[in-house]
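# Breakdown of the fold
Each chain, written out:
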Amino acid sequence: MKSLKTVEPLLNRLLDIQRINSAASVLSWDQETYMPAGGGTARAEQIATLQGIAHRHLVSSDTERLLGTWLDLQTGLPLEQDGELWDESSHSLLREVWRDYSRAKKLPSEFVMRLSRECSLAQQVWAEARTQNNFKSFLPNLRMVLSLKREEAQYLGFEGTSYNALLDVYEPGSTVDGLRPLFAQLKARLVPLLKRIQQSSVQIDDTFLYHAYDQARQLEFGRLVLIAMGYDFEKGRLDLSAHPFTTSFHPTDVRVTTRVYEHDLPSCLFSCIHEGGHGLYDQGLDPTHYGTPLGEAVSLGIHESQSRLWENCVGRSRAFWRFFYPILQATFHHQLRAVDMEQFYAVINRVKPSLIRVEADELTYNLHIMLRFEIEQDLIEGKANPEELPDIWSHKMKEYLGIVPSLDGDGVLQDVHWSMGAFGYFPTYTLGNLYAVQFYEQAKHEIPHIEEEIAAGQLMVLRRWLGHKIHRWGRMFTPDHLAQRVTGVSLNPEPFLRYIERKYGELYQLDKA
Ligand code: ZN
């Protein structure tokens, strides 16, 4: 069997490219955390320059020559070397390098730069339009980004609909034909469940979550939970940013951020756990594969499964709070002394349709995604007129969630994604929710005492399981293959739906209705 080591010149080439990309990531992280506001324009140029260099390196004739030694440059299939077969990891490595290379090669660099420039412009116009609640002022930029994304889909090529080309960038192997039945299943079970919850006599009052909570103490508690999860502060940081995110420069240097509001306890708390889940994935990647696809996360859907597993399956469970609630109560004695754990559990799991996706509960979150999935697909395929977007949005909000925004900023302008050209990104959030439960059910099956461990504050058992089953593999397997290896089956919405129906059925006493 031939192994990786023999392709060293190619790996060194990839390592150089990754180092440039990591440097660009440091600049982006700094932009979101510490950069003074005045530095924005210069920073955008610095990042674009580094990205341009990385792209040129990847599609250069040097890279092509090195790749051509190991691959058939027409088909992307590995060449047999002296009759010897490649071992599994080399085979995966070459498959994934080919995926990155051939995609980059399909896009003319003139187009890459035009897209980057228009998106950066559109993002600035969007931010202003959102504060002004003025969709019309963003419309020309949206049209421009849309036409560029259609052009990109044509360059990339696709089967079926052009939207598939864009989906595949974020979730390899994912298609509209695969997603549609998934969302239909979710809609058929979640929309009626939401109606039953809204008719339930159980009323959950969450006002105490919005009393005043000292910000430094909130952060301290978030840090404590991150440490318990196994987030390594020798190889990571926690900082503040307007929108929480995770970024990684190397498995030994992973950054998570959070935000902290005095009158919003859940915001800092759950964003720490969520980003911590992302951070554990990035810290758990194999550092010896840094620079190659085997040292990278497999997809956005799988990445999101790690954050949602920790945030929801663990962080909104009774087991977790059995250990952590007394600590939280002691930290905020004045605010929480009269609130028992059951009340706290109910409140952090309260279901309430909201206008804003990022504030949505576990149940309604997927309805927000479904709406975006349907709309962006119609936009890319030219079936929806961008001008009518606010009306289309309201119509679908009414149908799925029963509420309608009165301001564009609370509706069609709330997310940054479309202005950045990130069409095809939204579905990965729902995939993450579904994978999360599927993985967690498997963990409980393989480690029957896992909830007792969690209730004793021992979160490392779960962390190790995830590291062993998912994190260390990088892009060795496709997302679907990974799911099959870990759980025995492909992505399946059933575990998620059963979990949601069980959890909220109990909380809202739906069997008594
Ligand atoms: Zn996330």
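In this text, all values refer to a predicted model and were calculated from it rather than measured experimentally.

### Considering unusual backbone geometry
A positive phi angle is found at Asn133, which is not glycine, with a value near 50°. Along the chain, the position of Asn133 falls in the loop between helix 5 (109-132) and helix 6 (135-156). Residue Asn133 is classed as partly exposed on the basis of its relative accessible area of 27%. The phi torsion at Gln509 lies on the positive side, around 45°, for a residue other than glycine. Tracing the sequence through the fold places Gln509 in the segment after helix 21 (494-507).

### Some points on helix 2 (residues 40-59)
Spanning 20 residues, helix 2 covers 29 Å between terminal C-alpha atoms, matching the ideal 28 Å at 1.5 Å per step. Buried within helix 2 are the following residues: Arg43, Ile47, Ala54, His55, Leu58 and Val59. Along the axis of helix 2, the buried residues cluster in a sector spanning 125°; they form a single face. Helix 2 presents Thr41, Glu45 and Arg56 as exposed residues on the side facing more than 90 degrees away from its buried surface. On the buried face of helix 2, the contacting elements are helix 1 (8-33), helix 3 (61-70), helix 4 (88-106) and helix 5.

### Here's the deal with the packing of aromatic side chains
For the structure on display, the rule yields 23 aromatic pairs. Relative to Trp321, the ring of Phe221 lies with its centre 6.4 Å away and its plane at 10°, an arrangement referred to as stacked. Taken as a pair, Phe221 in helix 9 (residues 215-229) and Trp321 in helix 12 (residues 318-331) lie far apart in primary sequence, 100 residues in all. Each member of the pair, Phe221 as well as Trp321, is classed as buried. With centroids separated by 5.1 Å and ring planes inclined at 85°, the aromatic side chains of Tyr231 and Phe233 adopt a geometry described as edge-to-face. Taken together through their ring pairs, the aromatic side chains of Tyr170, Tyr365, Trp393, Trp418, Phe423, Tyr425, Phe426 and Tyr429 make up a single cluster. The residue whose ring lies beneath Arg308 is Tyr365, and the NZ or CZ to ring-centre distance is 4.4 Å. Stacked on the ring of Phe270, the Lys or Arg Arg316 has its end atom at 3.9 Å from the ring centre.

### Notes on the domain arrangement of the protein
When the parts of a complex come together, some accessible area is lost, and that lost area is often used as the size of the interface. What the domain assignment reports for the protein is domain 1 (4-157) and domain 2 (176-512). One C-alpha centre belongs to domain 1, the other to domain 2; they are set 27 Å apart. Across the contact, 39 residues belong to domain 1 and 44 residues belong to domain 2. In total, about 3500 Å² of surface goes out of reach between domain 1 and domain 2, with carbon and sulfur atoms giving 65% of it. The tally of links from domain 1 across to domain 2 stands at three salt bridges. Residues Arg475 and Asp100 are paired through a salt bridge, measuring 2.9 Å at the closest nitrogen-oxygen approach. Viewed at the interface, domain 2 and domain 1 are joined by 17 residue pairs in polar contact (both at pLDDT 80 or more). For the side of domain 1 that touches domain 2, the secondary-structure elements that each account for two or more residues are helix 1, helix 4, helix 5 and helix 6. Broken down by element, the residue count for the side of domain 1 that touches domain 2 peaks at eleven residues, all from helix 1. Looking at the side of domain 1 that touches domain 2 residue by residue, the classes come out as 19 nonpolar, nine polar and eleven charged.

### As for empty space enclosed by the protein
Inspection of every chain in the model, using the stated rule, returns three cavities of 30 Å³ or more. Taken as a whole, the largest cavity encloses approximately 60 Å³ of empty space. For the largest cavity, the full set of lining residues is Arg308, Asn312, Cys313, Glu362, Asn433, Ala436, Val437, Phe496 and Tyr499. Those elements giving two or more residues to the lining of the largest cavity turn out to be helix 11 (300-314), helix 17 (427-446) and helix 21. Of the residues in the lining of the largest cavity, the class split is five nonpolar, two polar and two charged.

Cut-offs used in this document
- Residues numbered from 1 in each chain as written.
- Predicted model: local features only at pLDDT ≥ 70, side-chain atom pairs only at ≥ 80, totals over all residues.
- Heavy atoms only, no water.
- Helix = DSSP H or I, 4+ residues; strand = E, 2+ residues; numbered from the N terminus.
- Buried < 20%, exposed > 50% of the residue type's maximum accessible area, 1.4 Å probe, protein only.
- Expected span 1.5 Å × (residues − 1).
- Arc of directions from axis to C-beta.
- Contact = heavy atoms within 4.5 Å.
- Phe/Tyr/Trp six-rings, centres within 6.5 Å; stacked < 30°, edge-to-face > 60°.
- Lys NZ or Arg CZ within 6 Å of the ring centre and 35° of its normal.
- Domains from an automatic or database assignment.
- Buried area = accessible area lost by both parts, 1.4 Å probe.
- Salt bridge = Lys/Arg side-chain N within 4 Å of Asp/Glu carboxyl O.
- Polar contact = N/O pair within 3.5 Å; in protein donor to acceptor, adjacent residues only side chain to side chain.
- Nonpolar A, V, L, I, M, F, W, Y, C, P; charged D, E, K, R; others polar.
- 1 Å grid on protein atoms, 1.4 Å probe; cavity = no way out; pocket = protein on both sides within 12 Å on 5 of 7 lines; lining within 4 Å.
- Points joined across faces, edges and corners; volume = space filled by probe spheres on them.

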